[in-house]
2 protein chains.
Amino acid sequence: MLTSALRVELERIVGQDHVIDDPAALQRYGTDAMNRGTAADLVVLPGSTGEVSQVARACYAAKVPFVPRGGGTGYSGGAVPLRGGVVISLERLNRIIEIDEENLLAVVEPSVVTGDLQAAVERVGLFYPPDPASLRQSVIGGNVAECAGGPRAFKYGTTKRYVLGLEAVLPTGEVIETGSKAVKNVVGYDLTQLLVGSEGTLAIITRVILRLLPRPPAVATLRATFADIDGAVAAVTELLRARVIPATLEIIDAECLESVARYTGAEMAPAGTGAMLLVEVDGLEQAVSEEIIRVDAAVRTAGAREVLRASNEAERQELWRVRRELSPSLKLIAPVKFNHDVVVPRGRVPQLFDLVARLRRESRLKIPCFGHAGDGNIHVNIMVDPGEEGAMDRAQEAQVSLFRGVVALEGSISGEHGIGFAKAPYIALELSPVEIDLMQRVKRVFDPEGLLNPGKIFPG
Amino acid sequence: MLTSALRVELERIVGQDHVIDDPAALQRYGTDAMNRGTAADLVVLPGSTGEVSQVARACYAAKVPFVPRGGGTGYSGGAVPLRGGVVISLERLNRIIEIDEENLLAVVEPSVVTGDLQAAVERVGLFYPPDPASLRQSVIGGNVAECAGGPRAFKYGTTKRYVLGLEAVLPTGEVIETGSKAVKNVVGYDLTQLLVGSEGTLAIITRVILRLLPRPPAVATLRATFADIDGAVAAVTELLRARVIPATLEIIDAECLESVARYTGAEMAPAGTGAMLLVEVDGLEQAVSEEIIRVDAAVRTAGAREVLRASNEAERQELWRVRRELSPSLKLIAPVKFNHDVVVPRGRVPQLFDLVARLRRESRLKIPCFGHAGDGNIHVNIMVDPGEEGAMDRAQEAQVSLFRGVVALEGSISGEHGIGFAKAPYIALELSPVEIDLMQRVKRVFDPEGLLNPGKIFPG
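Before going into details, it helps to say that this report is about the structure given with it. (Residues numbered from 1 in each chain as written. Chains lettered and ligands numbered in written order. Predicted model: local features only at pLDDT ≥ 70, side-chain atom pairs only at ≥ 80, totals over all residues. Heavy atoms only, no water.)

In terms of regular secondary structure, chain A is built from 14 helices and 18 strands. Scored against the burial criterion, the 460 residues of chain A give a buried share of 63%. A fraction of 73% describes how many contacts in chain A between residues 6 or more apart in sequence connect residues 24 or more apart. If you sum the accessible surface of chain A, you get close to 16100 Å²; carbon and sulfur atoms cover 49% of it. (Helix = DSSP H or I, 4+ residues; strand = E, 2+ residues; numbered from the N terminus. Buried < 20%, exposed > 50% of the residue type's maximum accessible area, 1.4 Å probe, protein only. Contact = heavy atoms within 4.5 Å. Areas by Shrake-Rupley, 256 points an atom, 1.4 Å probe, with all protein chains shown as cover.)

Further remarks concern the sheet that holds strand 3 (residues 66-69) of chain A. Residue and element names in this part refer to chain A. Here four strands make up an open sheet; going across it, the order is 1-2-4-3 and the pairing mixed. What marks the edges here is a single partner per strand, and that holds for strand 1 (19-20) and strand 3. Examined bridge by bridge, strand 1 and strand 2 (residues 42-44) share two bridges and lie antiparallel to one another. Within strand 2, the position partnered with Val-19 by the bridge is Val-44. Against the sheet, helix 1 (residues 4-14) touches strand 1, strand 2 and strand 4 (86-89), its axis set at about 20° to strand 2. Together, strand 2, strand 3 and strand 4 form the strand contacts of helix 3 (residues 49-62), whose direction differs from that of strand 3 by roughly 155°. (Pairing = 2+ DSSP bridges. Axes fitted to C-alpha atoms, helices over the stretch in contact; angles between N-to-C directions.)

The next point concerns the environment of Gly72(A). Checked against the element boundaries, Gly72(A) lands in the loop between strand 3 and strand 4. Ignoring sequence-local partners within four residues, the contact set of Gly72(A) consists of Asp32(A) and Ala33(A).

All names here are of chain A. The terminal C-alpha atoms of helix 8 (residues 229-241) lie 18 Å apart, and with 13 residues this matches the ideal 18 Å at 1.5 Å per residue to within 8%. Within the span of helix 8, buried status applies to Ile-229, Gly-231, Ala-232, Val-233, Ala-235, Val-236, Thr-237, Leu-239 and Leu-240. Contact partners of the buried residues in helix 8: helix 6 (153-156), strand 12 (218-226), strand 13 (248-253), strand 14 (275-283), helix 10 (285-301) and helix 12 (349-363). Positive phi shows up at Arg-243, right after helix 8, with a value of about 60°. (Expected span 1.5 Å × (residues − 1).)

Quick look at the packing of helix 8 (residues 229-241) of chain B against helix 10 (residues 285-301) of chain B now. Residues and elements named next belong to chain B. As a packed pair, helix 8 and helix 10 sit with axes 8 Å apart at the nearest point and diverge in direction by 135°. For the element pair helix 8 / helix 10, the angle class is oblique. Note on packing geometry: the crossing formed by helix 8 with helix 10 is right-handed. Residue-level inspection shows Ala-235, Glu-238 and Leu-239 of helix 8 in contact with helix 10, the latter providing Val-295, Ala-298, Val-299 and Thr-301. Here the residues of the contact of helix 8 with helix 10 are counted per class, giving five nonpolar, one polar and one charged. (Parallel < 35°, antiparallel > 145°, perpendicular 65-115°, else oblique. Left-handed = near helix turned anticlockwise from the far one by under 90°. Nonpolar A, V, L, I, M, F, W, Y, C, P; charged D, E, K, R; others polar.)

Looking now at the sheet that holds strand 5 (residues 96-100) of chain A. Working definition: the strands of a sheet are paired by backbone hydrogen bonds and lie parallel or antiparallel to each other. All names here are of chain A. The strand order 5-6-10-8-9 describes an open sheet built from five strands, whose pairing is antiparallel. Where the open sheet ends on each side, the last strands, each with one partner, are strand 5 and strand 9 (175-179). For this sheet, the mean angle separating the axes of adjacent strands, direction not counted, is 10°. Note that strand 8 (residues 163-169) and strand 10 (residues 204-211) share six bridges and pair antiparallel. Counterpart to Val-169 in the pairing with strand 10 is Ile-204. The strands that helix 4 (residues 114-122) touches are strand 5, strand 6 (105-108) and strand 10; relative to strand 5, the one it contacts most, it runs at about 35°.

Moving on: the interface of chain B and chain A. Taken together, the contact pairs 82 residues of chain B with 82 residues of chain A. When the buried surface of chain B facing chain A is broken down by residue, Lys184(B), Tyr189(B) and Arg243(B) rank first, second and third, together holding 14% of it. Summed over the shared surface of chain B and chain A, the number is ten salt bridges. We note a salt bridge from Asp190(A) to Lys160(B), for which the minimum N-O separation is 2.7 Å. Applying the counting criterion to the chain B and chain A interface returns 31 residue pairs in polar contact (both at pLDDT 80 or more). Taken together, the elements giving at least two residues each to the side of chain B that touches chain A come down to strand 9 (175-179), helix 7 (191-195), helix 8, helix 10 and helix 14 (433-446) of chain B. Among the residues forming the side of chain B that touches chain A, the class breakdown is 35 nonpolar, 22 polar and 25 charged. (Buried area = accessible area lost by both parts, 1.4 Å probe. Salt bridge = Lys/Arg side-chain N within 4 Å of Asp/Glu carboxyl O. Polar contact = N/O pair within 3.5 Å; in protein donor to acceptor, adjacent residues only side chain to side chain.)

Moving on: the pairing of strand 14 (residues 275-283) of chain B. Residue and element names in this part refer to chain B. Counting buried positions over the nine residues of strand 14 gives nine, a clear majority of the element. For strand 12 (residues 218-226) and strand 14, the ladder comprises nine bridges, and the chain directions are antiparallel. Paired with Phe-226 across the strands is Ala-275, a residue of strand 14.

Once that is clear, we can look at the side chain of Asp375(A). Among the structural elements, Asp375(A) can be located in the loop between strand 17 (369-372) and strand 18 (377-384). A residue is classified by how much of its surface remains accessible, and Asp375(A), at 3% relative accessible area, is buried. Each residue touching Asp375(A), except ones within four places of it in the same chain, is listed here: Ala153(A), Phe154(A), Val343(A), Val344(A), Val183(B) and Lys184(B).

This next bit is on the packing of helix 14 (residues 433-446) of chain A against helix 14 of chain B. Contact geometry of helix 14 of chain A with helix 14 of chain B gives a least axis separation of 9 Å together with a crossing angle of 155°. In terms of their interaxial angle, helix 14 of chain A and helix 14 of chain B are classed as roughly antiparallel. Of the two possible hands of crossing, helix 14 of chain A and helix 14 of chain B adopt the one that is right-handed. For the pair helix 14 of chain A and helix 14 of chain B, contact is made by Leu438(A), Arg441(A), Val442(A), Val445(A) and Phe446(A) and by Leu438(B), Arg441(B), Val442(B), Val445(B) and Phe446(B), respectively. Here the residues of the contact of helix 14 of chain A with helix 14 of chain B are counted per class, giving eight nonpolar, no polar and two charged.

Here we come to the packing of aromatic side chains. When we look at a pair of aromatic rings, we describe it by the centre distance and by the angle of the planes. With the rule as written, the count across this model stands at ten aromatic pairs over all chains. With a centroid separation of 5.2 Å and an interplanar angle of 55°, the aromatic rings of Phe403(A) and Tyr426(A) are classed as tilted. A residue pair is termed long-range when its members are at least 10 positions apart, and Phe403(A) in helix 13 (residues 391-408) and Tyr426(A) in the loop between helix 13 and helix 14 qualify at 23 residues. In this structure Phe403(A) comes out as buried when scored by relative accessible area, which is 0%. What makes Tyr426(A) buried here is its relative accessible area of 13%. Centre to centre, the rings of Phe458(A) and Tyr189(B) are 5.7 Å apart; their planes meet at 75°, and the pair counts as edge-to-face. In this pair, Phe458(A) sits in the segment after helix 14 while Tyr189(B) sits in the loop between strand 9 and helix 7, so the two residues belong to two different chains. Of the two residues, Phe458(A) and Tyr189(B), neither departs from the other in class, the shared state being buried. (Phe/Tyr/Trp six-rings, centres within 6.5 Å; stacked < 30°, edge-to-face > 60°.)

In total, this model carries 62 salt bridges over all chains according to the counting rule given. A salt bridge links Asp375(B) to Lys184(A); the nearest nitrogen and oxygen atoms lie 3.1 Å apart. Separated into two different chains, Asp375(B) in the loop between strand 17 (369-372) and strand 18 (377-384) and Lys184(A) in the loop between strand 9 and helix 7 (191-195) make up a pair that spans both. Of the two residues, Asp375(B) and Lys184(A), both sit in the buried class.

If you want it as structure tokens, here you go:
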């Protein structure tokens, strides 16, 4: 319980102006993009690593749970309090401390917006590849905590690959620095990579050292439509056979295309299109010109019906329009979305789509799918109207069948969004009791009392 | 102590033919490339994951220490027993289980030789980038345990980047599977990356799922000589300014060039050469042609004296000759080599060479340096004749000054070789007491009794 003594102590640490307690705000800080969660008892906005450390210490001493929060754009409830307590919003730690062109790295505070960092490094000819869909709102600290991906992960990898080092506050208040500005470091266990993707359950990230790349000078975009999903997936295989690694390789199914057409009032693809691929290659001018020709040939070999190539930025934006309009359009199908990010080995994407077809029949629900075909990471959106008799139960069943199915296909129940509390009941479908026990014991190494972000990742 | 009961039990598990106890062999299995260590009490050669598990369980029950061993090519003593006990040599687990062209991955047992895997995947047009110098003898399991690098790590990253999943035996005998064949996976903590680089202290790796890339169809090689190290380093900066990321970017200093000349009896570079850069770019034909021109221009801008470009494979091999002859040549300088692999942020390589110049003066020892300039990862070889009065002490002092210096430059005391027992006394120069304590508590999660590979990583 949040006592008035703790409250006074927290106000002393961060200053009265940086404590939030009005009920509407507590509610807002108690949810994320999934729109589920419970209100915080109090929100504090520390202004420095030292203040984060003091806040953690104070909460620990009072045995009050506390939850670190970034942009609040997560889809699994990672930043949401479940048992009241204190939300530590890191929004004031939002500076780009350094962009080091010579060493190709950036040092940032956790609440730098991902898109802002990208723009800043691109202005000096550099490149930060991870591009979660939420990049205009999501922040680097949250991206690190969840190991965010995005379309470019196929070629460039997820957030994990770009984190060289972290400053983080342990639940008990000590500040650690993991990794370094050196691109290699094998001194002791890799705490950096242990913290990446740990969903704010092991430590509170207060500073991030990120590796950057030179910005690819050229990009080429191609859109291909197919009669069905199998054709689109065959094209992906064909591309890999041609040994092309596109920067992005997005697949969009027929239910998604219908949804966008309804939302925008404009057909996005020729009649009879069963699936669409959006492909981008990037790199040096010459290489890009060479590769896009190979992409064109590969998609045609796989039976593409219509192939469009963007010849300028406006055309490129037009080709991407369907992808951009997709998420908002889904709201027209049903008010609730079970937004999953399952992943299978790339070659098994056709089997994943077969599974989804079966779930559609069994659940009698719309399940529009799109995602990162190159990674085998497909966003499976189970759309439900909670007002419809039995629909929530059928969605729930479909979800569990989906999870079982991807594990049977040697995949994973989450490729990008993390477990949070939404998927915590299901990790035993993928991990053995021994593995879960190991992870829980690692959790206790960092957080003996279980006060940092409780109720996440682990069931029960 | 190894009791006869345990010995009988181990013979039962692996079969008498797979137990080694002749003194010469025990000695051999008790050392690595560093030529330091103590003899094992017994070596066992399990033939399956199940046998590894049973061996671990038996040792654990008897409270006898045990050490997993791969190719024995390490430079920090990671695979060497310090307190007797059992060496578990994984040499019989040496199969390439699967090369999956569709999903761009390989599944291998730990004792597949790195170079053999590379050759096997290259035969089908694929590519496994990590290329430690020992790749003709070192094995994947050891590469994973130490997070091996190599020249290509500059563009392609170290072993870490290629490990998608592991099967491993916990010290207490349970078998875990981490990660998966999917290229993304954010379910629970990243035990895969925690095990990579853990130097065989957390679990025994019995199977590895590796990510592969398409094999770059073209490569171009260029060698440039400079009046001094600063010139060579300036060329690296110039290259990055030209936004070129070569596959390899090796630097070789004057003491190394002298050593190779003495060893081969042939001058490797024009008189007065103070440093050499070996640069390779790879990728699609057109991109490579474009990039090597940029490399050529960049090294000339930085003041290169002689620039040679290979126009065929024979010329390429000739340009690399100096690098190949380097390690054997150092033996002529002095019998003992303190072979370090310190790493600093790339832009600080000149300061690292300044530091080495000071150490040469102070220690009056030869300290030939070469390595991966792009990564800031330089092999600093402190050469000592133990017969020379006071030389070992001076080498020891130089080593400690080197470690302190790289940490002050925001670098790390080891970028590739790991800590093993050789550098264990020095990790506190880089890690705080809180960080070391965290790591030791993580160790105890996996190995409560401290029986797996004791005496490694942590001091004391």
